[in-house]
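# Examination of the molecular architecture
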Amino acid sequence: MITASVPPRQIPASWQRELAEAITRPAELAEALGLPLEALGAATTTFPLRVPRSFVARMRHGDPHDPLLRQILPVAAEQHEQPGYLADPLGEHAAQRAPALLQKYRGRALLITTETCAVHCRYCFRREFPYTEQRGDGERWGEALAALAADTSIEEIILSGGDPLSLGNARLNALGERLARIAHLRRVRVHTRLPVVLPARVDAGLLRWVRSSSLPMVFVLHANHPAEIDAQVRAACAALRAAGATLLNQTVLLAGVNDDETVLSLLSQRLFEAGVLPYYLHALDAVRGAAHFAVPDQRARRLAGALAARLPGYLVPRLVREIPGATAKTVLTPISGPR
Ligand SMILES: *Cc1c(COP(=O)(O)O)cnc(C)c1O
Ligand code: SF4
């Protein structure tokens, strides 16, 4: 039977240490969860296992179907080719403005700051992204920043990746200073899963970076299940807010993880308690290896309708899909049932 949560381990000395000690072997994961390796059902895949221990500590001990575990466990289903599931489902290659700089929508551009993530999410649409060609470091950031500086129509820069907060504070400071010199920028947005999967990342240096920014900062976090939000995550979010950041969250709708009205409703409430407003609920991108997470549109729209019928409007994320070539994310209209 399912027992209580894994007891929290001792807090490592720093987030870098915690990142370096992330679990990458299925046997380690099985041991941490108190499961025999066979019960875990891990497969060897090209996109390897990677998960910080603090995230594993939020999984239910002894439960191979835990919704947090499903997000990070490589399984055999990933190897099944499915028609329509592609390496680059969003046509990101076509959206390239400069090396590491993507623009799809008016007024905002996205910078691939790094290829590194603290966690490898199995459904990630960039799981096959050719990061080595795109890496934004060294001279390549230079070209992207020059392209940004030359285009006064861009008001918002989105730091993405990979996970931008896997960069150290010194590199973030250096990037922030260069962005601050681009006069037409109005906002800096940070798309990151780190405050959720490794809340220790929100350290004093990061908070100084946020506090000292001359541009308003918006953090779009990424949590998919209410069990991801524990006291440490709430503390990290409170600190980011106190430093002046606006906090939003995006969720990916995932079969077997959060395709449930009660789970999504609880997620919105937990986010609110952490000072975070739900922003998007993304229909899964058709990336190769992720087909087993797909939720049919009709069901997704019913879920969105059910959420709208039980939560205040500001706690209902917009159900969206990304369609290559569209001028914005496309909203999937919620279907409301009888009361
Ligand atoms: C999703 C995305 C954005 C952000 O879209 P918003 O609707 O502003 O959140 C911007 N640029 C790219 C390339 C994106 O994929
Ligand atoms: S943290 Fe974000 S970019 Fe990294 S693997 Fe997960 S979904 Fe993909």
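See the structure above.
## Digging into the environment of threonine 327
The residue threonine 327 is located in the loop between strand E9 (318-321) and strand E10 (330-331) in this model. Residue classification places threonine 327 among the exposed residues on the basis of a relative accessible area of 69%.

## A few points about empty space enclosed by the protein
This structure, assessed with the given rule, holds one cavity of 30 Å³ or more. Residue lining of the largest cavity: Asn249, Thr251, Leu264, Leu267, Ser268, Leu271, Pro278, Tyr280, Leu307 and Pro317, and that is the complete set. Contributing elements (two or more residues each) for the lining of the largest cavity: strand E7 (246-252), helix H12 (261-273) and strand E8 (277-282). The leading source of residues in the lining of the largest cavity is H12, at four residues. For the lining of the largest cavity, the residue count by class is seven nonpolar, three polar and no charged.

## Focus on the site of ligand 2
Around ligand 2, the structure places Cys117, Val119, Cys121, Cys124, Gly162, Arg193 and His222. Spatially, ligand 2 is embedded in the largest pocket. Partitioned by chemical class, the residues of the shell around ligand 2 number four nonpolar, two polar and one charged.

## Topic: the site of ligand 1
For ligand 1, the full set of nearby residues is Lys104, Tyr105, Arg108, Leu110, Ile158, Arg189, Tyr279, Tyr280, Glu322 and Lys329. Within the side chain of arginine 189, a nitrogen or oxygen atom sits 2.7 Å from an oxygen atom of ligand 1. Tyrosine 280 places a polar side-chain atom, nitrogen or oxygen, 2.6 Å from an oxygen atom of ligand 1. Contact with the protein chains removes 94% of the 390 Å² of surface that ligand 1 exposes when unbound. For ligand 1, the cavity whose grid points lie within 2 Å of the majority of its atoms is the largest pocket. Mapped by element, the contributors of at least two residues to the shell around ligand 1 are strand E2 (101-105), strand E3 (108-112) and E8. Of the residues in the shell around ligand 1, the class split is five nonpolar, no polar and five charged.

Rules behind the numbers
- Residues numbered from 1 in each chain as written.
- Chains lettered and ligands numbered in written order.
- Predicted model: local features only at pLDDT ≥ 70, side-chain atom pairs only at ≥ 80, totals over all residues.
- Heavy atoms only, no water.
- Helix = DSSP H or I, 4+ residues; strand = E, 2+ residues; numbered from the N terminus.
- Buried < 20%, exposed > 50% of the residue type's maximum accessible area, 1.4 Å probe, protein only.
- 1 Å grid on protein atoms, 1.4 Å probe; cavity = no way out; pocket = protein on both sides within 12 Å on 5 of 7 lines; lining within 4 Å.
- Points joined across faces, edges and corners; volume = space filled by probe spheres on them.
- Nonpolar A, V, L, I, M, F, W, Y, C, P; charged D, E, K, R; others polar.
- Near = heavy atom within 4 Å.
- Sits in = over half its atoms within 2 Å of the grid points.
- Polar contact = N/O pair within 3.5 Å; in protein donor to acceptor, adjacent residues only side chain to side chain.
- Areas by Shrake-Rupley, 256 points an atom, 1.4 Å probe, with all protein chains shown as cover.

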